[in-house]
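Secondary and tertiary structure notes
Chain residues, written in single-letter form:
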Amino acid sequence: MKLLIDFFPIILFFVAFKVKGIYFATGIAIAATIVQIVYLRWRHGKVEPMQWVSLGVIVLFGGATLLAHDEAFIKWKPTVLYWLMGAALLAGQLLFRKNLLKSLMGSQLELPEAAWRTVNWSWIAFFAVMGALNLWVAAHVDTDAWVNFKLFGGMGLMFLFVVVQALYLGRHIQQPGKDAP
């Protein structure tokens, strides 16, 4: 269910785009993200910081798209989100000497420090590449192809990356209370 809630705005954006075009879809994405935040707040009593950031970015870039009637702004939104997430992980690592992924997932996984560092740096790199790839696709293909890439290409690459991460993590997960090999 959480996955459906997380992808709710993206799926509605895709469907709305296919039915009525980019500007209608942008309005739907803004509204869907607001509904998502309200639902999460009502259902769980809290909203994750990244979801607040996502709301801010969609309102800012979606609003700019609608006000300027320029689809370039909405095409930049995924890049901004990817780069913000990567920058947060990078700042945590370099400025605060804190692995934010370990902070988020450390209670669920026991990994050696080296594995946590590798996972953190790989996510930073993934977000950097995805942001750049989104910009390239947005600049070199038409809007219909970009929307298809955003849904299927972006989600497909994310799924593939998560599978590779899971395989890597599987080699390094430690049993509670046991030392690293």
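Relevant structure appears above.
On a predicted model such as this, the values are computed, not experimentally measured, just so you know.

1. Things to note about the side chain of threonine 26
Structurally, threonine 26 is set in helix 2 (residues 22-44). Residues within four places of threonine 26 in sequence aside, it is in contact with Phe13, Gly62, Thr65, Leu66 and Ile74.

2. Let's talk about the environment of phenylalanine 96
The residue phenylalanine 96 is located in the loop between helix 4 (72-94) and helix 5 (100-105) in this model. The exposed category is assigned to phenylalanine 96, whose relative accessible area is 62%. Taking the C-alpha atoms as reference points, phenylalanine 96 and leucine 133, 37 residues apart in sequence, are found 28 Å from one another.

3. A closer look at the packing of aromatic side chains
Taken as a whole and assessed by the stated rule, the structure comprises 10 aromatic pairs. Taken together, a centroid distance of 5.3 Å and an interplanar angle of 40 degrees make the contact between tryptophan 123 and phenylalanine 127 tilted. Of this pair, tryptophan 123 and phenylalanine 127 both sit in helix 6 (residues 113-140), 4 residues apart, which is roughly one turn of the helix. Here tryptophan 123 matches phenylalanine 127 in class, with each residue buried. Aromatic ring contacts, followed pair by pair, group Tyr82, Trp123, Phe126, Phe127 and Phe161 into a single cluster. The aromatic ring of phenylalanine 24 is capped on one face by lysine 20, whose charged end is 5.8 Å from the ring centroid.

4. Describing helix 3 (residues 49-68)
Between its first and last C-alpha, helix 3 extends 28 Å over 20 residues, near the 28 Å set by a 1.5 Å rise per residue. Looking only at helix 3, the buried set comprises Gln51, Leu55, Val57, Ile58, Phe61, Gly62, Gly63 and Thr65. Looking one or two residues past helix 3, histidine 69 carries a phi angle of roughly 50 degrees, positive in sign.

Conventions used here
Residues numbered from 1 in each chain as written. Predicted model: local features only at pLDDT ≥ 70, side-chain atom pairs only at ≥ 80, totals over all residues. Heavy atoms only, no water. Helix = DSSP H or I, 4+ residues; strand = E, 2+ residues; numbered from the N terminus. Contact = heavy atoms within 4.5 Å. Buried < 20%, exposed > 50% of the residue type's maximum accessible area, 1.4 Å probe, protein only. Phe/Tyr/Trp six-rings, centres within 6.5 Å; stacked < 30°, edge-to-face > 60°. Lys NZ or Arg CZ within 6 Å of the ring centre and 35° of its normal. Expected span 1.5 Å × (residues − 1).

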